[in-house]
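In case you want the letters, here they are:
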Amino acid sequence: MSGRGGRGGRGGRGGISKSFNREQLNAMGVLSNEVLPGPVTQPPPLYPLLDHKPVPLTPSVETDYLLILKQDLIDHMQLSPSYLKMPYDKNKQPEQEIDKLVAQLPSVKEKYDWKLFPSELRPKVLAHRVNKAKVSKSVDVQQRLNQLEKIEEKTGDKVVKEEEDEEVQDEEEEIIEEDQDEEMDDGTDYANNYFDNGEGYEDEDDNLDDGPIF
Amino acid sequence: MSVQYGKVISLILQERFGPVVEKVGTYLFQYGTVPLLYIKKNTNLPLSKVKEALCILIKYRLVTFTPNRNANVANYTLQHDQVLLTLRYANYINLIKKKFGNECEMIVEELLQRSYWTASELILKVIERFKKDHNKAVTILSLREKFISLVNAQYLIRLPYSEEDKPVPNLILPETDQFVIPQFELKQMTLVQSGKAPVDSLPDRGVYWTVNFDRFHQDMRDKLIVNAFTKKFDENAGEFVRLLLQQMYIRTTPWAEVSNPVPVIEIRDNVRKQATHQHLLAFFDQYVSVLEQDNSQLIRQGGEAGGGSLQIFLKEAFVQFAWETVEQIVLEKFDSKAARIFRLVKSKQYIESDQIQQLAMIPAKEAKRLSYQLLEENFLQVQELKKSSSTGPNKSFTLFHIDINQVIRMTLELCYKTLYNIMTRKNHERLVHKRIIDKKQRVETIIMGMRVQGAGDEQLADIEEMITPPEKEILQKIDLTMKKLNSVELEIDETIFLLQMYLLYQ
């Protein structure tokens, strides 16, 4: 809020012209023979000293009661299932005994009336799929290439790498991953075409190789 | 909203809901309305946690959703002013306690802890709590009456609901449904209470009630006005204004700028019926004339018919309160001479630097220094006027003035910054003394456990000895510091409320 650049100098990017001519000084109300404060050489202190002590608080029964209420509310919120801790990092060893015990406490899950929430937020319970979302169709390159020599089609030669490796265990993620999968399908059409050209290029090479031998 | 505001929001969310929800909330604050996957991508949290965090935020009505173009997916928006309101929950509970008593206080407290609930379950829980904490047996019937009175006074309001079954529900609350009393089946409730019937069997399932914050703000606004009059005149004048406001609601919408005329006779009758302020009754006419002639001009005569009527000007009141607040802030920050300059500029509206020196009767150099200090801190603004004659030097006037809207918003930002500083300091204190606070908590839980098992006094004393005297001193100091910081938080919230009221009426 403060720090408007001193006496409102021109504030050019190159350099601050620190001298005004006499007229401007007079207009601002500075008498001609006054000493102006020097240039600002460093940013203002992080904790500027207070010129005046703030008014002391008036303790009263009411404020005490309000404080107790406030603290009660916050304590209750922190102990309720609405307080989420960061997901437990399995790599880090808990530092103290108490942390180990705390981690073993069963976390209470909140029960919701789902009519008031969008359906996408519901935890989904699906049959655990064996086939993971990693679509890596086995590529038998030679066969495929020979097949596709004359037919120009998109090859199935794509390996879709999923970002959420960690979520693979989670049942809830299946549908979302599938959705993303489809998105990836749509999104990488261009990549397919690109690969296509690559395959075709390799194709020609093979032919060339075959040529002389034949 | 500003960066400062965003930081305060983050700290509030972190204190009450933990780091995960804080991350989600901060992202929503910075990026506006976004669908679920954006949040997941940018916060690097597992999707399940993001979903949980959003569910919690939606439950506490801090996040709302609207359907995307794809009707299966929702866009989420953070309601940041609701987040700031959480600082005021203690105030709301206190207000209800004073007005309605302990049972209603507990009803509102339970509702604030859960954001919304069905009426029957709420009543049963309050009965349980009363039995546990205060050892008092409260009947379902009496609590039902209290609940109905709260709904009729509009302190509780129905939660918006959706009739259709779409993937992204459209939550609406028809006006007619807002304060309709739900069905209570007392027999069923007694069955549920004794555990013989499941909670699902209650008739008002799905009918959720929540706290109506606007109504509380109305009460707080009235309290502000009454306090102002009490401080300026005396208790009786405050009582008079309170009754005037009470009568106002019969004829005027709650948030109107000016009240419709209230006949004086009605107020006189009310004072007589109440019979608490005999002095007020005796000198009623004098009080009326004093209040009317006061130079704040907040209560004026509306008409002569039927013994006269009075109007109270609410918008004007808050304009004056806001000015007063800003003047006091200038006084506390820069001392009385600067405050004098500020009031001078306020009365003259546009004033030159030399004139300030003359009229404020402050030595020239100091006047200049103070006025430029106020300018730097954005309490005063300058306006340049060029008056150039074709020949001769270019004359330009620099005039000081106050743009009250700008100053008020700047003060609001200062309040947010103060809040942020206080909360950060609290967290810092907790962190620095973490070891000792944890130790104390462990000792307390051990003592509680042992007390339940019926341990002897000596054993309890032994355990308490685990905390050494110097540690006890440190704990006391920490306690005092936290208490101070918390009280400051409450006071800042009062200032924020006043400034918000001013901005509301603009």
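Calculation criteria
- Note on numbering: residues in each chain are counted from 1, in written sequence order.
- Chains and ligands are labelled by the order in which they are written, letters from A for the one and numbers from 1 for the other.
- With the structure being a predicted model, the display of local features is reserved for residues of pLDDT at least 70 and the display and counting of side-chain atom pairs for 80 or more, all residues being used for whole-chain, interface and lining totals.
- The side-chain quantities take in all heavy atoms of the structure and omit both hydrogens and water.
- UniProt positions are given in the numbering used here, feature names are shortened, and annotations may be inferred rather than shown by experiment.
- Strands are runs of DSSP state E lasting at least two residues, helices are runs of H or I lasting at least four, and both sets are numbered from the N terminus onward.
- Any residue under 20% of the maximum accessible area for its type is buried, any over 50% is exposed, and the rest in between are partly exposed; the area is computed with a 1.4 Å probe on protein chains only.
- When checking whether two residues touch, look at their non-hydrogen atoms; a contact exists if any pair is within 4.5 Å.
- Working definition of accessibility: Shrake-Rupley area with a 1.4 Å probe, residue cover restricted to the visible protein chains.
- An automatic or database domain assignment supplies the start and end points of every domain.
- Buried surface area refers to the total accessible area, computed with a probe of radius 1.4 Å, that the two partners give up upon joining, counted for both partners together.
- We define a salt bridge as a side-chain nitrogen of Lys or Arg found within 4 Å of a carboxyl oxygen belonging to Asp or Glu.
- Side-chain atoms alone can form a polar contact between residues adjacent in sequence; in general such a contact is a pair of N or O atoms within 3.5 Å, and within protein one must be able to donate a hydrogen while the other accepts it.
- Here the term charged refers only to Asp, Glu, Lys and Arg, the term nonpolar to Ala, Val, Leu, Ile, Met, Phe, Trp, Tyr, Cys and Pro, and the term polar to all other amino acids, Gly among them.
- Any pair of Phe, Tyr and Trp rings, taking the six-membered ring for Trp, is counted once the centres come within 6.5 Å. Such a pair is stacked with planes under 30 degrees apart, edge-to-face with planes over 60 apart, and tilted for the rest.

The name that an unreviewed UniProt entry assigns to chain B is DNA-directed RNA polymerase III subunit RPC3, with the source organism given as Zophobas morio. Recorded in UniProt under Sequence similarities (unreviewed entry), the annotation for chain B is "Belongs to the eukaryotic RPC3/POLR3C RNA polymerase subunit family." Checking UniProt for chain B, the heading Subunit (unreviewed entry) contains the comment "Component of the RNA polymerase III (Pol III) complex consisting of 17 subunits."

The name given to chain A in an unreviewed UniProt entry is DNA-directed RNA polymerase III subunit, with Zophobas morio as the source organism. Its UniProt record gives chain A a comment under Sequence similarities (unreviewed entry), which states: "Belongs to the eukaryotic RPC7 RNA polymerase subunit family." Under the UniProt heading Subcellular location (unreviewed entry), the entry covering chain A gives this text: "Nucleus".

Asker: I tried to follow the overall build of chain A on my own but got confused; where do I start?
Answerer: Looking only at helices and strands, one finds six helices and two strands in chain A. Counting from the amino terminus, helix and strand elements in chain A follow one another as α-α-α-β-α-β-α-α. Every one of the 214 residues in chain A was classed for burial, and the buried ones make up 20%. Residue pairs at least 24 apart in sequence account for 53% of intrachain contacts in chain A once pairs closer than 6 positions are excluded. Within the structure as shown, chain A displays about 17500 Å² of accessible surface, and the carbon and sulfur contribution to it stands at 54%.

Asker: For this particular structure, what's the right way to read the UniProt feature "domain: RNA polymerase III Rpc82 C -terminal" (unreviewed entry) in chain B?
Answerer: Cross-referencing UniProt, the feature "domain: RNA polymerase III Rpc82 C -terminal" (unreviewed entry) maps to residues 194–312 of chain B in the present numbering. Across residues 194–312 of chain B, helical content stands at 53% and strand content at 13%; the span's end C-alpha atoms are separated by 53 Å.

Asker: For this particular structure, what's the right way to read the domain arrangement of chain B?
Answerer: Interface extent is often summarised as the accessible area lost during association of the parts. All names here are of chain B. According to the domain assignment, chain B consists of domain 1 (3–80), domain 2 (101–211), domain 3 (215–312), domain 4 (317–387 + 394–402) and domain 5 (408–451 + 463–504). Here domain 1 and domain 2 have C-alpha centroids that lie 28 Å from each other. Listed by partner, the interface residues are ten residues for domain 1 and twelve residues for domain 2. Between domain 1 and domain 2, roughly 800 Å² of surface is buried when both sides are summed, and carbon and sulfur atoms account for 59% of that area. There are zero salt bridges connecting domain 1 and domain 2. At the junction of domain 1 with domain 2, the criterion picks out five residue pairs in polar contact (both at pLDDT 80 or more). The element that contributes the greatest number of residues to the side of domain 1 that touches domain 2 is strand β2 (residues 63–67), accounting for three residues. Classifying every residue of the side of domain 1 that touches domain 2 by side-chain character gives six nonpolar, two polar and two charged.

Asker: Help me out: how do you make sense of the interface of chain B and chain A in this one?
Answerer: Each partner contributes to the interface: chain B provides 82 residues, whereas chain A provides 58 residues. A combined buried area of about 6200 Å² lies between chain B and chain A, and 60% of that area is made up of carbon and sulfur atoms. Our enumeration of links across chain B and chain A arrives at three salt bridges. Note that Lys98(B) is salt-bridged to Glu62(A), the shortest N-O span being 3.0 Å. At the surface where chain B touches chain A, the tally comes to nine residue pairs in polar contact (both at pLDDT 80 or more). With eleven residues, helix α4 (residues 47–59) of chain B is the single largest residue contributor to the side of chain B that touches chain A. Across the side of chain B that touches chain A, the residue classes tally to 39 nonpolar, 15 polar and 28 charged.

Asker: Explain the packing of aromatic side chains to me, please; I cannot follow it from the model alone.
Answerer: Both the distance between ring centres and the angle between the ring planes are used here to describe each pair of aromatic rings. Residues and elements named next belong to chain B. For the structure shown, the criterion picks out 23 aromatic pairs over all chains. The interplanar angle of 55° and the centroid separation of 4.8 Å between the aromatic rings of Tyr 5 and Tyr 416 together place this pair among those described as tilted. Of this pair, Tyr 5 sits in helix α1 (residues 3–17) while Tyr 416 sits in helix α19 (residues 404–432), and the two are 411 residues apart along the sequence. Here the two residues Tyr 5 and Tyr 416 agree in accessibility, since each one is buried.

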